[in-house]
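Observations on the three-dimensional arrangement
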Amino acid sequence: MCRTDGVPEPSETGDDDAMDAAFATLLEDSVEELYESAPCGYLSTLMDGTIAKINTTLLNWLGLERSAVVGRKRFVDLLTVGGKLYHETHFAPLLRMQGELRGIALEMKKAQGGRLPVLVSSVVKHGSEGDPLLIRTTVFDAADRRAYEEELLRRRQDAERARAEAERARAEAEQARRQAEADRERLADALAVLQKSLLPDTLPTLPGLETAVYYHTASPDQLGGDFYDLFPINGGRWAFFLGDVCGKGPQAAALTSLTRYTLRAAAHHDPEPDVALTTLNAVLHERYTAGGNPRYCTCIFGILDPGTDGGMTVRLGSGGHPPALVLRADGQAHFLPTPGGLLVGALPKAPFATATTTLAPGDTLLLYSDGLTEARTGPTRDSLYGEEALLAFAAAQAPAAPQAVITALTELLEGFGDGLNDDTALLALGVPAPQSDNRPATNHPR
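Residues numbered from 1 in each chain as written. Predicted model: local features only at pLDDT ≥ 70, side-chain atom pairs only at ≥ 80, totals over all residues. Heavy atoms only, no water.

1. Topic: the side chain of His 285
Among the secondary structure elements, His 285 is positioned in helix H7 (residues 273-287). Overall, His 285 belongs to the buried group, its relative accessible area being 15%. Setting aside its immediate chain neighbours within four residues, His 285 contacts Ala 290, Gly 345, Ala 346, Leu 347 and Pro 348. (Helix = DSSP H or I, 4+ residues; strand = E, 2+ residues; numbered from the N terminus. Buried < 20%, exposed > 50% of the residue type's maximum accessible area, 1.4 Å probe, protein only. Contact = heavy atoms within 4.5 Å.)

Structure representation (structure tokens):
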């Protein structure tokens, strides 16, 4: 017979004699040799457990001599304390009831004091009359299996411990997140209250004047540095200002507070815009810069003086602030230049630029901080909105009442998205246009 690849089967190779010799060698093993050198332990005991026969394999495992075991020890004597307890309470009773037990895990004592994990199977041999004569037992070395099981258990425990630690870490992280959110909310609430204290709640109602305001805070986690105000002074006139202090946070808030109250006090003492700014410059320089902690602001300060014809005369002074923007009733828009004004508080003495204009019915004056003109409109820091774009936008809105101007600018700011990364304040003041439909003029403080 040949395989499909043409190679002869073993029976055709002439090796039959060698194969027969190998089988003959195996058959020469005596029953006694097979018993003594079996790969497992064998022993036979009387019904009381006395060992009557034990093979060499088990003796070698335990390090015992046959003469010290056969007829001298019982099976239970080979077991550890725990094994003995289990044998007496479970193994022996079940064996008597059932006549056999298989694969029972026990531990046997070694002569050197170690332990041998084993799997034991026992069968009761009965005589011709059915009486139990002896117990035949096989013993398998389970050390490797025990080590494997212990390794599995250890890995399972490690995995459970790691899982528990991961769950605890997740729980702690979640708790920390909730705590951080709660702290952030409390901080935001506190900052909102403090920010509100730095700005007027509402703008006052002025006879013959409409007003509107908007304030955008770049970050809810920081106090803004922009400020504005509108308040009456003597002689039926009104003072107003809008500015931007350097920095953020508590120091900026302190500077804002000092600036607002200084300008209010200065306006009541001498309402001329350049005088009020000079007073503020002296206060800020003495308080901060002269002490080695330079702090300053930009600011535009103005006085409204009602005219007999229903218009308003506006006198402005500026310290380094962007120019005011005027939207005329005839649809024109232009800046009111105040060039040359220096930052307020930077130098001991500083000149401040002034300008004067008249607001006729339908005209609107807009003050703003540089958060508007420095909003990014592109991917780079150089892509800024700028004053030219603002002038074109205002011209497209003119003529417009203060609230309409602020509403349009608010929508513009929202369109900048992340590009609006600075605080922005807007203040619009305007003389109402004649009401052809006899509807009353309204004031829109925000």
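2. Quick look at the pairing of strand E8 (residues 238-245)
The buried count for E8 comes to 8 of 8 residues, which makes it a mostly enclosed element. Residues of E8 alternate between two faces, with Trp 238, Phe 240, Leu 242 and Asp 244 on one and Ala 239, Phe 241, Gly 243 and Val 245 on the opposite face, all of them buried. Where strand E7 (residues 226-232) and E8 come together, 7 bridges link them in antiparallel fashion. Among the inter-strand pairings, Phe 227 is bridged to a residue of E8, identified as Gly 243. As consecutive antiparallel partners, E7 and E8 are separated by 5 residues, and within that stretch Gly 235 has a phi angle of approximately 75°, a positive value. Note: E8 against strand E9 (residues 297-306), 8 bridges, orientation antiparallel. Looking at the pairing, Phe 241 lines up with Phe 301 of E9. (Pairing = 2+ DSSP bridges.)

3. So, the packing of helix H6 (residues 249-269) against H7
The interhelical angle for the contact between H6 and H7, taken along N-to-C directions, is 145°, at an axis separation of 9 Å. Viewed along their axes, H6 and H7 form a crossing whose handedness is right-handed. Touching Leu 255, Leu 258, Thr 259, Thr 262, Leu 263 and Ala 266 of H6 are Ala 276, Leu 277, Thr 279, Leu 280, Val 283, Leu 284 and Arg 287, all from H7. (Axes fitted to C-alpha atoms, helices over the stretch in contact; angles between N-to-C directions. Left-handed = near helix turned anticlockwise from the far one by under 90°.)

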